[in-house]
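Structural features, examined
Given next are the chains, with one letter for each unit.
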There are 2 protein chains.
Amino acid sequence: MTGRAGAPGRPGTGSRRTLLGVDVGGTKIAAGLVAEDGTLLETVVRPTPARQGPTAVLDAIAAAVRELPDHAGAAGLGLGTGGVVDRDGGVVVSANELLPGWAGTRLADELGHRLGIPVAADNDANVFALAEQTYGAGAGSTTALYVSVGTGIGGGLVTGGRLLRGAHWTAGEFGHIAVPEAAGRPCNCGRDGHLEAVAAGPAIAARFSRLAGRPRPADLREVAALAERAAPPADPDGTPPQAPGDESALARTVLAEGAGALGRALAGLVNTFDPERVVVGGGVASVGDPFWQPLAEAFAAELLPGPSAAGLRPLPAALGPRAAVIGAAALLLEHR
Amino acid sequence: MTGRAGAPGRPGTGSRRTLLGVDVGGTKIAAGLVAEDGTLLETVVRPTPARQGPTAVLDAIAAAVRELPDHAGAAGLGLGTGGVVDRDGGVVVSANELLPGWAGTRLADELGHRLGIPVAADNDANVFALAEQTYGAGAGSTTALYVSVGTGIGGGLVTGGRLLRGAHWTAGEFGHIAVPEAAGRPCNCGRDGHLEAVAAGPAIAARFSRLAGRPRPADLREVAALAERAAPPADPDGTPPQAPGDESALARTVLAEGAGALGRALAGLVNTFDPERVVVGGGVASVGDPFWQPLAEAFAAELLPGPSAAGLRPLPAALGPRAAVIGAAALLLEHR
């Protein structure tokens, strides 16, 4: 609800053009007022009335936007949402059960009608990538790979300075590559053995919970907190370490497993795409060292020796949890 | 040495502009006269004096070109070669031991000097992809994935109608993705577990030879011939089938293993890129059904359900073993 900018200026009225960005998830709508330089000036977060259907969600988006100070001065609205989105038409092509009935929703038309401004829409992983490409860790690059690791794994690929949408608007589904580490593990997509089944947050937390014998599953935050805890010093009698120490080591192990699988998969994608930069964001990436260290090590070990390997390492995304809001706004600036 | 064209016209002299294309491998130089519509009019194949070093190879390329009838009328020469090639500068960035000293060779300058015509150069997998994109199975597509499976696995990715070169000229190294099926198997690149270690021709032949207990290793052609042989009818007494039948079944199994790994990896790349077309060529792909059937099945089973899956299947490359010659010539027509 508070702006990130030191000097918000006079949004929408004077020298500084402003845009609206909205990130629509299954549980929350985040709407923001974004300066053209990518500064997030104001944010409003409201629940998504997903069960009430698309019309209720569209109304809630419009209401959240209208709560933003100075929203009326914005030049347009960009929106990122889960599912496959036709970027040209601003229409949801397909979506999962988190947003029932969302497929077929004419986002650009419906919100343009409600708010009276130009509206653009895209997939939420695409707008994350667009944000980091335009204002974040990938700014200035021509070819870059963006991966967001959270409850799922998605991302985007920039070639020739432009975000690749693909032939059917589904480019960037990095989570659904078969990786050796995930062999036999079920994936959210219905197949098994995919990267998402071993490196996404719920997969890491579920594996921890099973191996720790937890009656109630832990979430990723708890796993991360355990991993940060220092391992207890080894007992000189050779007594096995206490349970908290066990859980701490186990948390580090499962995080390293997921991060290692991601690092190797990213290196394979680098061998395939040869990007200038590789940027990793999302909730799992924000765990810190217990995730980043094994990620970087596995990435480096798997990369082909040669020109594309020199100095390349995964970079943390720069824009934080509101990257999708900023990237949604950036849809309006995109040259296509 | 013979042209493919029904009506070769009057190359280089009249209404039909011709180009020269050269494919330089570790053992052979193939030079061709190519019409602007992609028709290969004439071909000359000569040994590569690889051990004698880059100058000898350059001289041999120039000599092979001069053997082509009507070479003097060609508008330019395009060249594809193993190794990493700087497409803009026409310089070899790196190469392997098949062409000793090749790294650093200024292909465009040196051959331009020898032949007095404009010269462009690129990696051989890239020119394969360019050929199929310009004249072959990918013609008319905007986003496409090209994979060549032979002694190695390489390829190219077209986005926005243009071949992706990457930030360091190494894009398209599809062979060096970690795949579950290759776990623990050494790859030519020095790592292990890569697609090339299970789906390239030598990997398939080596696995067959080991499992068949062959004292002398079989080559892929032999494996393919065995796979084509009908399995003998089961003996009503339950006697185990004869050795030839065993080898025939084994040949089908190892081909299916390699093809299955490739099919799953390609589906993962489709989930990542969302191409309109997926084109597979190279010597291994020309084996026929014992390769294509398991390839197509594994591809279909692994593809994510959704819009990009509908109707997509791997297509055989259309231009045959001289695709690289044709694609090398097409470098001169490329809009960049």
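All figures in this text were calculated on a predicted structure; none of them were measured in a lab. (Residues numbered from 1 in each chain as written. Chains lettered and ligands numbered in written order. Predicted model: local features only at pLDDT ≥ 70, side-chain atom pairs only at ≥ 80, totals over all residues. Heavy atoms only, no water.)

1. Points about the sheet that holds strand 7 (residues 119–123) of chain A
All names here are of chain A. Cut-off, in case you're wondering: Note: two strands are recorded as paired if DSSP finds a minimum of 2 bridges between them. Think of it this way: any DSSP run of H or I at least four residues long counts as a helix, any run of E at least two long counts as a strand, and we number them from the N terminus. The angle between two axes is taken between their N-to-C directions and runs from 0 to 180 degrees, where each axis is a line fitted to C-alpha atoms and a helix contributes only its stretch in contact.
With mixed pairing, 5 strands are arranged side by side in an open sheet as 3-2-1-4-7. This sheet does not close on itself; its edge strands, each paired only once, are strand 3 (40–47) and strand 7. Across this sheet, the average inter-strand angle for adjacent strands is 15 degrees, counted without regard to direction. Where strand 1 (residues 18–24) lies against strand 2 (residues 28–35), 7 bridges are found, and the strand directions are antiparallel.

2. Things to note about the interface of chain B and chain A
Stated formally: Note on contacts: a residue pair qualifies if any of its non-hydrogen atoms lie within 4.5 Å across the two residues. Accessible area that two parts lose when put together, evaluated with a 1.4 Å probe and summed over both, is termed the buried area. For this document, the term salt bridge refers to a Lys or Arg side-chain nitrogen within 4 Å of an Asp or Glu carboxyl oxygen. Pairs of N or O atoms are called polar contacts if they sit within 3.5 Å, as long as, within protein, a hydrogen donor faces a hydrogen acceptor (for residues adjacent in sequence, only side-chain-to-side-chain pairs). Each residue gets one label: Ala, Val, Leu, Ile, Met, Phe, Trp, Tyr, Cys and Pro are nonpolar, Asp, Glu, Lys and Arg are charged, and the others, such as Gly, are polar.
Of the residues lining the interface, 39 residues belong to chain B; the matching set on chain A comes to 40 residues. Summed over both partners, the interface of chain B with chain A buries about 3,100 Å², with 59% contributed by carbon and sulfur atoms. Our count for the contact surface shared by chain B and chain A stands at 0 salt bridges. Between the two partners, chain B and chain A, sit 21 residue pairs in polar contact (both at pLDDT 80 or more). Listed by contribution, the elements that provide at least two residues to the side of chain B that touches chain A are strand 6 (91–94), strand 9 (153–159), helix 7 (243–273) and helix 8 (289–302) of chain B. With 5 residues, helix 7 of chain B is the single largest residue contributor to the side of chain B that touches chain A. Here the residues of the side of chain B that touches chain A sort into 21 nonpolar, 12 polar and 6 charged.

3. Here we look at the packing of helix 3 (residues 124–134) of chain A against helix 9 (residues 323–330) of chain A
Residue and element names in this part refer to chain A. Put simply, the rule is: Angle categories are assigned with fixed cut-offs, so that under 35 degrees is roughly parallel, over 145 is roughly antiparallel, 65 to 115 is roughly perpendicular, and the rest are oblique.
For the pair helix 3 and helix 9, interaxial distance at closest approach is 7 Å and the crossing angle is 80 degrees. By the angle class used here, helix 3 and helix 9 are roughly perpendicular. Of the residues in helix 9, those in contact with Asp-124, Val-127, Phe-128, Leu-130, Ala-131, Glu-132 and Thr-134 of helix 3 are Ala-323, Ala-324, Ile-326, Gly-327, Ala-328 and Ala-330.

4. Details of the pattern of salt bridges
All names here are of chain A. The condition is simple: Partly exposed residues are those whose accessible area sits between 20% and 50% of the maximum for their type, while under 20% is buried and over 50% is exposed, using a 1.4 Å probe and protein chains only.
Across all of its chains, the model carries 26 salt bridges over all chains by this definition. A salt bridge links Arg-17 to Glu-36; the nearest nitrogen and oxygen atoms lie 3.1 Å apart. Taken as a pair, Arg-17 in the segment before strand 1 and Glu-36 in the loop between strand 2 and strand 3 lie far apart in primary sequence, 19 residues in all. Classification of Glu-36 as partly exposed rests on a relative accessible area of 36%.

5. Description of the side chain of Thr-272 of chain A
Along the chain, Thr-272 of chain A falls in helix 7 (residues 243–273). Looking at Thr-272 of chain A, the relative accessible area reads 1%, which means it is buried. The contacts of Thr-272 of chain A, once residues within four sequence positions are left out, are Ala-171, Gly-172, Glu-173, Phe-174, Ile-177, Leu-269 and Phe-273 of chain B.

6. Describing helix 5 (residues 201–211) of chain B
Within the sequence span of helix 5 of chain B, burial applies to Gly-201, Ala-203, Ile-204, Ala-205, Arg-207, Phe-208 and Ser-209 of chain B. Phi turns positive one or two residues past the end of helix 5 of chain B, at Gly-213 of chain B, with a value near 65 degrees.

7. Some details on the relation of the copies chain B and chain A
Worth spelling out the cut-off: Fitting of the copies onto one another was done by least squares over C-alpha atoms, counting residues only where both copies have pLDDT of at least 70.
Rotating chain B by 180 degrees and moving it 0.0 Å along the rotation axis overlays it on chain A with an RMSD of 0.0 Å. On the angle and the small slide along the axis, the relation comes out as a two-fold axis. Within chain B, the C-alpha atom positioned nearest to the axis of rotation is that of Pro-180 of chain B, 2.0 Å from it. Counting the interface residues of chain B, we find that 100% of their copies in chain A are interface residues as well, pointing to one common contact surface.

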